[in-house]
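A look at the structure
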Amino acid sequence: MKERIATAIATPNIAFVKYWGNRDERLILPAGGSISMTLDRTFTTTTTVWFSDSLSADEIWLNGKKVGPQEAKRIVEHLDLMRRAGQCRLRAKVVSRNNFPTAAGLASSASGFAALTLACAKALGVRRSMTELSALARRGSGSACRSLFGGFVEWVRGERKDGSDSIAQQIAPASHWPGLVDIVAIASEGRKHISSRDAMRRTVETSRLFKQRMQMHPGMLKQVRNAIMQKNAELLFDSIMRESNSMHAVMKDSRPPIIYMSEVSRRIVDAVRAFNADAGGMKCGYTFDAGPNAHVITTRKNEAAVRRMLARVKGVKRVVSAGVGKGPAYAAKHLFKI
Ligand code: 2P0
């Protein structure tokens, strides 16, 4: 029998229009659509999955450490989902490695669940299109569905109750706008104090501003989609800053408030504004996820100057640039021997 083992490599994505809040938390059906850029292999998650009747329980290794039962729960649930899709009851060994800090606002769960979904699908012989697989990846971590494609990706909200139309699709390949770059200014490498999922639930349940954000959301999606299609950098940078500010505003409007941005983040906001004012136009734009680290989007032409500007901000520990990525891939070499 062919061995049921496969290895996938996936990369994070940075959301230009943010996913924040579910209309169905169990199925991970978002309150609104989102748009992202998949990053290149500056940041990667590599995951090997092996299903075997020689295993009596699922065994999960993350960055060289065996994961305890509490932390493993979400991964085992995803293995169960993939086992159902592949009509398989075998236990699995999962070994996964990130080359960047976990849970520090660098969307480790996006690349993690994208790699896990793809490795499981291949190992179990689940023959589905990337779009269909994106609906499975979504169940592990919402933003993971966007990491199944390279370039510029939209996760469509969908209307159906069963979530079958809440899928990711590529809106433009990496080659459409290869000059775009995400400069990550790392303010903290620590874990976040509240998980995105818990924080989103709190926002949906308690923020009054959230309803207004969702009313404006289709317009924001359209604007960012247009900025990407027209390669209109000024419009894109302006839009993503407004969008990030909007998401962090509804977080702050939650009860009790959710505050992911730090003093360092705030200084980066000021530095970006000053940089654009000096340049006499929108040369870059920031966006912040569920953490204090900034993603400053710019073009390769301005990359060096933007990096210098960010490195000078008090409290910025490191600056790392990532370009537009081509999406996930399979690897022939596995992370362990069977
Ligand atoms: C996004 N985020 O669209 C939004 C914007 C963060 C802010 O999807 O699955 O923390 O809860 O661990 O990796 C949250 O990403 O998600 C998220 P979970 P993660 O990218």
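Report follows, based on the coordinates. Along each chain, numbering runs from 1 in the same order as the chain's sequence is written. Local features in a predicted model are, by the rule used here, given only for residues with pLDDT of at least 70; side-chain atom pairs are given and counted only at 80 or more, and totals for whole chains, interfaces and linings are based on all residues. Remark: hydrogens and water are excluded; side-chain values derive from all non-hydrogen atoms of the structure.

**So, the overall build of the protein**
Heads up, the condition is: Here a helix means four or more residues in a row that DSSP labels H or I, a strand means two or more in a row labelled E, and each is numbered from the N terminus. In this scheme, a residue with accessible area under 20% of its type's maximum is buried, one over 50% is exposed, and one in between is partly exposed, where area comes from a 1.4 Å probe on protein chains only. Residue contacts are counted whenever heavy atoms from the two residues lie within 4.5 Å of one another. Exposure was quantified through the Shrake-Rupley algorithm and a 1.4 Å probe, taking into account, for residues, occlusion by the shown protein chains and nothing else. Lys and Arg are tallied as positive, Asp and Glu as negative. Neither His nor the chain termini are counted. We put the charge of a Lys on NZ, of an Arg on CZ, of an Asp on CG and of a Glu on CD.
Across its full length, the protein holds 8 helices and 16 strands. Seen along its three principal axes, the alpha-carbon backbone of the protein occupies a region of about 65 × 40 × 35 Å. Split into buried and exposed, the 338 residues of the protein put 58% on the buried side. A separation of at least 24 residues holds for 77% of the contacts in the protein among residues at least 6 apart in sequence. Per element, the accessible surface of the protein, about 15,200 Å² overall, is 50% carbon and sulfur. The centroid of the 54 positive side-chain charges in the protein is displaced by 2 Å from the centroid of its 28 negative side-chain charges.

**Here we look at helix α4 (residues 196–206)**
Put simply, the test is: In this context, the arc is that of the directions from the helix axis out to the C-beta atoms.
Buried residues of α4: S196, A199, M200 and T203, and no others. One side of α4 holds all its buried residues, which, seen down the axis, span an arc of 100°. The inward-facing, buried residues of α4 contact β3 (22–24), α5 (209–229) and α6 (233–252).

**Looking at the side chain of R138**
Definition in use: By definition here, a salt bridge exists when the distance from a side-chain nitrogen of Lys or Arg to a carboxyl oxygen of Asp or Glu is within 4 Å. Here a polar contact is recorded for every N or O atom pair within 3.5 Å, except that within protein the pair must consist of a potential hydrogen donor and a potential acceptor, and residues adjacent in sequence are included only if both atoms are side-chain atoms.
Mapping R138 onto the fold places it in helix α3 (residues 130–140). No salt bridge forms around the buried R138; measuring N to O, its nearest opposite-charge neighbour D165 is 7.0 Å away. Polar side-chain contacts of R138 include one of 2.9 Å to the backbone oxygen of I28. Not counting residues within four places of it along the chain, the set of residues in contact with R138 comprises L27, I28, L29, C145, W155, G163 and S166.

**Things to note about the packing of α5 against α6**
Spelled out, the test is: Here the axes come from fitting lines to C-alpha atoms, over the contacting stretch only for helices, and the angles between their N-to-C directions go from 0 to 180 degrees. Angle categories are assigned with fixed cut-offs, so that under 35 degrees is roughly parallel, over 145 is roughly antiparallel, 65 to 115 is roughly perpendicular, and the rest are oblique. Rotating anticlockwise by less than a right angle from the far helix to the near helix defines a left-handed crossing, while the corresponding clockwise rotation defines a right-handed one. As a working rule, the residues Ala, Val, Leu, Ile, Met, Phe, Trp, Tyr, Cys and Pro are called nonpolar, Asp, Glu, Lys and Arg charged, and the rest polar, with Gly in that last group.
Axis separation between α5 and α6 bottoms out at 10 Å; the angle between their running directions is 160°. As far as their axial angle goes, α6 and α5 are roughly antiparallel. Viewed along their axes, α5 and α6 form a crossing whose handedness is left-handed. For the pair α5 and α6, the contacting residues are L209, F210, R213, H217, M220, Q223, V224, A227 and I228 in the first and L235, L236, S239, R242, E243, S246, M247, A249 and V250 in the second. The class makeup of the residues in the contact of α5 with α6 is 11 nonpolar, 4 polar and 3 charged.

**A few points about the site of the ligand**
To keep it simple, the criterion reads: Definition of nearness: a residue and a molecule or strand are near each other if at least one heavy atom of the residue lies within 4 Å of the molecule or strand.
Taken together, 16 residues sit near the ligand, with R74, S109, S141, K192 and S196 positioned nearest. Contacts to the ligand include S141, whose side-chain N or O atom sits 2.7 Å from an oxygen atom. Note that an oxygen atom of the ligand is positioned 3.4 Å from one of the side-chain N or O atoms of S143. Coverage of the ligand by the protein amounts to 93% of the 480 Å² it exposes when considered alone.

**Topic: the pattern of salt bridges**
Using the criterion set out here, one finds 14 salt bridges in the structure. Among the salt bridges present, the one from R91 reaches D58, with a minimum N-O distance of 3.4 Å. Placement of the pair is R91 in strand β9 (residues 91–98) and D58 in the loop between β6 (45–52) and β7 (59–62), with a sequence separation of 33 residues. According to the relative accessible area criterion, R91 is partly exposed, its value standing at 28%. By relative accessible area, D58 is classed as buried at 19%. For R213, the salt bridge goes to E243, with nearest N and O atoms at 2.9 Å. Separated by 30 residues along the polypeptide, R213 in helix α5 and E243 in helix α6 bring together distant segments of the chain.

**Notes on the sheet that holds strand β15 (residues 318–323)**
For clarity, the threshold we go by: Any two strands with at least two DSSP bridges between them are considered paired.
An order of β13-β14-β12-β15 is seen for the 4 strands of this open sheet, with the pairing classed as antiparallel. Each of the sheet's edge strands pairs with one partner strand only, and the pair in question is β13 (284–288) and β15. For this sheet the average axis-to-axis angle between neighbouring strands, irrespective of direction, equals 25°. Relative to β13, α6 is tilted by about 25°, and along the sheet it contacts β12 (180–186), β13 and β14 (294–299).

Distances and angles like these do not, on their own, reveal function.
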